[in-house]
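As a plain string of letters, each chain reads:
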Amino acid sequence: MIRIQDILDKVALYQPPEDVELVRKAYVYAAAAHAGQVRLSGEPYLSHPLAVAFTLADMRMDGASVAAGLLHDTVEDTKSTIEEIDESFGEDVADIVDGVTKISLLTFDSKEAQQAENIRKMILAMNEDMRVLFVKLADRLHNMRTLEYMRPDKQRRISQETMDIYAPLANRLGLHRVKLELEDLSFRYLQPDAHDHIAGWIENHKADDSEYINSVIAILKGVLDKNGIRTTVRGRIKHIYSIYRKMNSLNVTLDEMHDIIAFRAIVADIKDCYAALGLVHATWKPVPGRFKDYISMPKANMYQSLHTTVIGPRGERMEIQIRSDEMDRLAEHGLASHWLYKEGGRIKLKDVREFEWLREMLDWTKIESDSKEFLRSLRFDLFKDEIYVFTPRGSVKELPEDATSVDFAYQIHTEIGDRCAGSKINGKLMPLSTPLKSGDTVEIITSQNRRPSRDWLKFVKTAKARTRIQNFIRTEERARSVSLGKEMLEKQGRRAGVNIQKAMKDGALLEVARDLNFKSAEDLISAVGYARVTPRKVLNALLPKPEEQPKEEERAPKAPEGRANKADSIVIKGVDDMLVRFAKCCNPVPGDPIIGYISRGRGVAVHTADCPTISQMEPERLLPVYWEGSEESRPFPARIFISCKNERGMLAKIATALEKAAVNIDSGTFRSQVDGRSEIEMVIEVADIAQLLQTIDRVHKVENVMEVSRVTTAGTEIH
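Reading the values: the criteria
Residues numbered from 1 in each chain as written. Predicted model: local features only at pLDDT ≥ 70, side-chain atom pairs only at ≥ 80, totals over all residues. Heavy atoms only, no water. Helix = DSSP H or I, 4+ residues; strand = E, 2+ residues; numbered from the N terminus. Buried < 20%, exposed > 50% of the residue type's maximum accessible area, 1.4 Å probe, protein only. Contact = heavy atoms within 4.5 Å. Areas by Shrake-Rupley, 256 points an atom, 1.4 Å probe, with all protein chains shown as cover. Pairing = 2+ DSSP bridges. Axes fitted to C-alpha atoms, helices over the stretch in contact; angles between N-to-C directions. Salt bridge = Lys/Arg side-chain N within 4 Å of Asp/Glu carboxyl O. pLDDT = per-residue confidence, 0-100. Parallel < 35°, antiparallel > 145°, perpendicular 65-115°, else oblique. Nonpolar A, V, L, I, M, F, W, Y, C, P; charged D, E, K, R; others polar. Arc of directions from axis to C-beta. Core = buried A, V, L, I, M, F, W, Y, C linked by side-chain atoms within 4.5 Å. Patch = residues over 30% accessible without salt bridge, like charges linked within 9 Å, V, L, I, M, F, W, Y side chains within 5 Å. Lys, Arg positive; Asp, Glu negative; His and termini not counted. Charge placed at Lys NZ, Arg CZ, Asp CG, Glu CD. Expected span 1.5 Å × (residues − 1). Phe/Tyr/Trp six-rings, centres within 6.5 Å; stacked < 30°, edge-to-face > 60°.

Novice: Looking at this model, I keep getting lost on the overall build of the protein chain. Mind explaining?
Specialist: If you tally the helices and strands in the protein chain, you get 28 helices and 21 strands. Sorting the 719 residues of the protein chain into buried and exposed places 51% on the buried side. Long-range contacts, defined here as pairs at least 24 residues apart, represent 66% of the contacts in the protein chain between residues at least 6 apart. Here the protein chain has roughly 34,300 Å² of accessible surface; of this, 49% comes from carbon and sulfur atoms.

Put into structure tokens, the structure is as follows:
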């Protein structure tokens, strides 16, 4: 168990005496508050806040952060209140503790919603004070170190969340050591066999590798000292999860891996960094294409270093990093320590240019309301490799690997993304879907007439672009559904003798909406446009009671004989009184297999089932229809996406769930991910949308299935 004196000694190295005293006072308070409490491991509960505070001191966080680390569980787990914390330790400490506590106390209907909203609250809290996130990361790190005392299912769930969210966040904040440890700890529980295999291999080769490391350090230090460059050289075996990822990416075994040992040379300044690089390349042959200059082009988290791979003394590849003392300090302790040292006190996102990526994350966090889509976008945005692209004026923009000009446009400004009509890459007109590469110069061509396209969702790589495009499409489709719903109600209302405009003005439609569990009359009209509610159901609710209704012949005159409409012979499965028209592209006739499509503003268009235009349509707008007097029982294909843990028997469990849902599997593809997940796409055959939604719900309940969604277009998912 860590002692308080260990923490005080660390804080005293970089903070004034009053901060040391604040931490000491927080310890006394926390010890009294948690007295008698124990953890699952049997240790006194106080061991946890002490470990959190020690990690924060190791990050060189300020006194308020370290004190908050000691106090972060007092409000949640003891009788203490935020008001008491504020009175005893000041506003800064109270606000950090309050931010961490609010995240922990949230309750939700599902694990996905809880995970999403916990992270959403954490990101929103960061807007006011970044230190909330650092306390939460330190809290998660110690919880991962003691995860062995949890149930296996909780171990896997917490480890997956850590791998998906917390480790990448630590990386983006420059906390490299924290990121590596979180990854290794998560990997241990997500894939224990692979973890133990690599750990055992490293242990068996430790003696030989130590001798090799010492010999390379001696050679490198000797070369640099001889040329007047003061340096500290370190060498280490790469972390277990890093080795696993490299094995997967190269598709090699452990015995075939060569560059699992990395060396770091720390010199005085930038001039010495480049001088040392020249000496390294003169001593060992560099590997072409494996040099990265993060000094002239720093990462978003301010990380700076030179990375090169050379052929070492054994004839094998080895990686060497070269950086200055200041660069090494920043790489070890991250952005927070840099800005706390520079500015002091509270760190706000709007005050720090280097936190631009977090401000963008905050923006789309506020926009995206769907928990599953929010989590998907967050993982998508955090778990990535970076490229660096130039604007025509020479500014550098960081983007994920394989990002496109549309991502670049949204990175510059939302308005530019929305109006993006084309792009020039290195002076040449290129398709918007062209993947960008580091060093490209991109110029965006805009047009006032251009709007975001659903097709962009097939190739965008940033959460910001994806969220903005989806938000625009949702807004646009709602407007169209309201227009269509109003047209349908007015047309059917004229037949039934109901004035829809009057019902909207006098509030009668609002009453019907509330009776049907809609918040507003517009929500109800939109549901009619989307065919979720039939016009007949709404009109029946607006009609006078039976005894007050006019006679049938007065209310609905018969159509003249000989003028029967072919559309009257169409039955839409589960829906009454929809506007129906026949597509001119295929002109179906009675007896043809047919399918319906909810067109924008023109009701349901009926096509033959084999009409070539069907493949170009949005699947969620297709409806099962058939000729009156016939029952169309042909199943419809639907594509679903499943993300689950990669474990034995997982596919069998999913297949069993599909069998119980009474659907047939037509085809499928399977992909294993480096984080221990499998991604499955299946085409299943369902009778209608209701059966599809029931099937998705059933599969989602399968143990270790993390995400299930319907794929409506390539790369587009609706949960």
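Past the structure itself, the notes keep going.
Novice: I keep staring at the side chain of Asn-704 and nothing clicks. Help me out?
Specialist: Residue placement: Asn-704 occurs in the loop between helix H28 (689–700) and strand E20 (705–713). Excluding anything up to four places from it in sequence, Asn-704 contacts Arg-156, Cys-644, Lys-645, Glu-647 and Met-650.

Novice: I would appreciate a short explanation of the sheet that holds strand E13 (residues 594–598) in the present structure.
Specialist: Each strand in a sheet pairs with another by means of backbone hydrogen bonds, the pair being arranged parallel or else antiparallel. With respect to topology, four strands assemble into an open sheet ordered E12-E14-E13-E15, the strand pairing being mixed. A strand with exactly one partner marks an edge of an open sheet, and here the two such strands are strand E12 (580–582) and strand E15 (622–623).

Novice: When you look at the sheet that holds strand E3 (residues 292–293) in this model, what are you seeing that I'm missing?
Specialist: Here we have five strands laid out as an open sheet, ordered E1-E2-E5-E4-E3, and mixed in their pairing. Bordering the open sheet on either side are strand E1 (232–237) and E3, each of which pairs with just one other strand. Sheet analysis places E3 next to strand E4 (residues 306–311), joined by two bridges and oriented antiparallel. Across the sheet, residue Asp-293 finds its bridge partner in E4, namely Leu-306. Each of strand E2 (261–267), E3, E4 and strand E5 (317–324) is contacted by helix H15 (residues 270–283), which is oriented at about 10 degrees to E4, the strand it contacts most.

Novice: Explain the pattern of salt bridges here, please?
Specialist: For side chains bearing opposite charge, pairing can occur when the charged atoms are close. In this structure the tally under the stated criterion is 33 salt bridges. For Arg-230, the salt bridge identified is with Asp-325, shortest N-O distance 3.5 Å. Placement of Arg-230 in the loop between helix H13 (206–226) and E1 and of Asp-325 in helix H16 (residues 325–342) is noted, with a sequence separation of 95 residues between them. A relative accessible area of 38% means that Asp-325 is categorised as partly exposed. Shared partners join several salt bridges into a network, and the residues in it are Arg-234, Arg-264, Arg-323 and Asp-328.

Novice: Before we go on, may I ask you to explain the confidence of the model for the protein chain in this structure?
Specialist: Close inspection of predicted coordinates is inappropriate for parts of the model with low pLDDT. Summarising the model, the protein chain shows a mean pLDDT of 80, and 80% of its residues fall at 70 or more. Taken as a whole, residues 713–719 scores under 50 in pLDDT and shows 29 contacts with residues more than four places along the chain or in a different chain.

Novice: What's the story with the packing of helix H2 (residues 17–33) against helix H4 (residues 63–71) in this structure? I'm lost.
Specialist: For any two helices packed against each other, one specifies the inter-axial angle together with the distance between the axes. Running from amino to carboxyl end, H2 crosses H4 at an angle of 5 degrees, the nearest separation of the two axes being 9 Å. By the criterion of interaxial angle, the relationship of H2 to H4 is roughly parallel. Counting all contacts with H2, which are made through Asp-19, Leu-22, Val-23, Ala-26, Tyr-27, Tyr-29 and Ala-30, the residues of H4 involved are Gly-63, Ala-64, Val-66, Ala-67, Leu-70 and Leu-71. For the contact of H2 with H4, the residue count by class is eleven nonpolar, one polar and one charged.

Novice: Quick question: what am I supposed to make of helix H23 (residues 508–515) here?
Specialist: Side chains of residues three or four places apart in an α-helix project in the same direction, reflecting 3.6 residues per turn. Within H23 the residues assigned to the buried category are Leu-509, Val-512 and Ala-513. Along the axis of H23, the buried positions cluster into a sector of 105 degrees, meaning they face one direction only. Residues of H23 that are exposed and angled more than 90 degrees away from the buried face: Glu-511, Arg-514 and Asp-515. Against helix H22 (500–505), helix H24 (521–529) and helix H25 (535–542) lie the buried residues of H23.

Novice: Looking at this model, I keep getting lost on the nonpolar core. Mind explaining?
Specialist: In a soluble, globular protein the nonpolar side chains are often hidden away together inside. Counting residues in each nonpolar core, the largest one holds 55 residues, and the members touching the most others are Ile-7, Leu-56, Val-66 and Val-93. Among the elements that make up this core, the one with the highest residue count is helix H9 (residues 131–145) (eight residues). For Val-66, the contacting residues outside a window of four places in its chain are Ile-7, Val-11, Tyr-14, Val-23, Ala-53, Leu-56, Ala-57 and Met-61. In terms of nonpolar packing, the next biggest core, distinct from the first, is built from 40 residues, Met-163, Ile-240, Ala-265 and Val-267 among them.

Novice: Where do I start with the pairing of E5 in this structure?
Specialist: Consecutive side chains along a regular strand alternate between the two faces of the sheet. Buried residues dominate E5, accounting for seven of its eight residues. Note that E2 and E5 share six bridges and pair parallel. Counterpart to Arg-264 in the pairing with E5 is Gln-321. With antiparallel pairing between neighbouring strands as the criterion, E4 and E5 make up a hairpin whose turn holds five residues, including Gly-315 at a positive phi of roughly 80 degrees.

Novice: I would appreciate a short explanation of the pairing of strand E8 (residues 420–425) in the present structure.
Specialist: Two elements, E8 and strand E10 (residues 442–446), share five bridges in a ladder whose sense is antiparallel. Bridge pairing links Lys-424 to Glu-443 in E10. As defined by bridge partners, E8 adjoins strand E9 (residues 428–430) across three bridges and the pair is classed as antiparallel. Looking at E9, one finds that Ile-425 is bridged to Lys-428. What sits between E8 and E9 in their antiparallel hairpin is a turn of two residues, with Asn-426 showing a positive phi close to 55 degrees.

Novice: Explain a negative patch on the surface to me, please; I cannot follow it from the model alone.
Specialist: Taken together, the side chains of Glu-83, Glu-84, Asp-86, Glu-87 and Glu-91 present a region of like negative charge at the surface. Within the fold, Glu-83 resides in helix H6 (residues 82–89). You can call Glu-83 exposed: its relative accessible area is 58%.

Novice: Before we go on, may I ask you to explain unusual backbone geometry in this structure?
Specialist: For residues other than glycine, phi is negative in most cases, and the peptide bonds are mostly trans. You will see that Asp-402, though not glycine, has its phi angle at about 70 degrees, which is positive. Positionally, Asp-402 belongs in the loop between strand E7 (396–400) and helix H19 (405–412). Among the residues examined, Asp-402 registers a relative accessible area of 42% and is labelled partly exposed. For Ala-662, which is not glycine, the phi torsion reads 65 degrees and is therefore positive. Among the structural elements, Ala-662 can be located in the loop between helix H27 (650–660) and strand E18 (664–672).

Novice: Could you clarify how one ought to interpret helix H12 (residues 192–204) in this entry?
Specialist: The terminal C-alpha atoms of H12, which comprises 13 residues, lie 18 Å apart, in line with the 18 Å expected from a rise of 1.5 Å per residue. Considered for burial, the residues of H12 that qualify are His-195, Ile-198, Trp-201 and Ile-202. Mapping the buried residues of H12 onto a view down its axis gives an arc of 135 degrees, with all of them on the same face. Seen from the open side of H12, the exposed residues pointing more than 90 degrees away from its buried face are Asp-193, His-197 and Asn-204. Of the surrounding elements, those touching the buried residues of H12 are helix H11 (176–190), H13, E1 and helix H14 (240–250).

Novice: Teacher, can you tell me more about the environment of Leu-175 here?
Specialist: Turning to its location among the elements, Leu-175 is positioned in the loop between helix H10 (152–172) and H11. Residue classification places Leu-175 among the buried positions, given a relative accessible area of 2%. For the pair Leu-175 and Tyr-303, spaced 128 residues apart in sequence, the C-alpha separation works out to 9.8 Å.

Novice: Explain the packing of aromatic side chains here, please?
Specialist: How two aromatic rings sit relative to each other is set out by the distance from centre to centre and by the angle between their planes. Summed over the entire model, instances satisfying the criterion amount to six aromatic pairs. Measuring from ring centre to ring centre gives 5.5 Å for Tyr-29 and Phe-89, while their planes differ by 90 degrees; the resulting arrangement is edge-to-face. A residue pair is termed long-range when its members are at least 10 positions apart, and Tyr-29 in helix H2 and Phe-89 in helix H6 qualify at 60 residues. For Phe-89, a relative accessible area of 9% corresponds to the buried category. Measuring from centroid to centroid gives 6.4 Å for Tyr-212 and Phe-263, while their planes differ by 70 degrees, and the two rings are edge-to-face. You can see Tyr-212 sitting in helix H13 and its partner Phe-263 sitting in strand E2, a full 51 residues away along the chain. Residue Phe-263 is classed as buried on the basis of its relative accessible area, which comes to 1%. Three or more aromatic residues joined by ring pairs make a cluster, and in this case those are Phe-187, Tyr-241 and Tyr-244.

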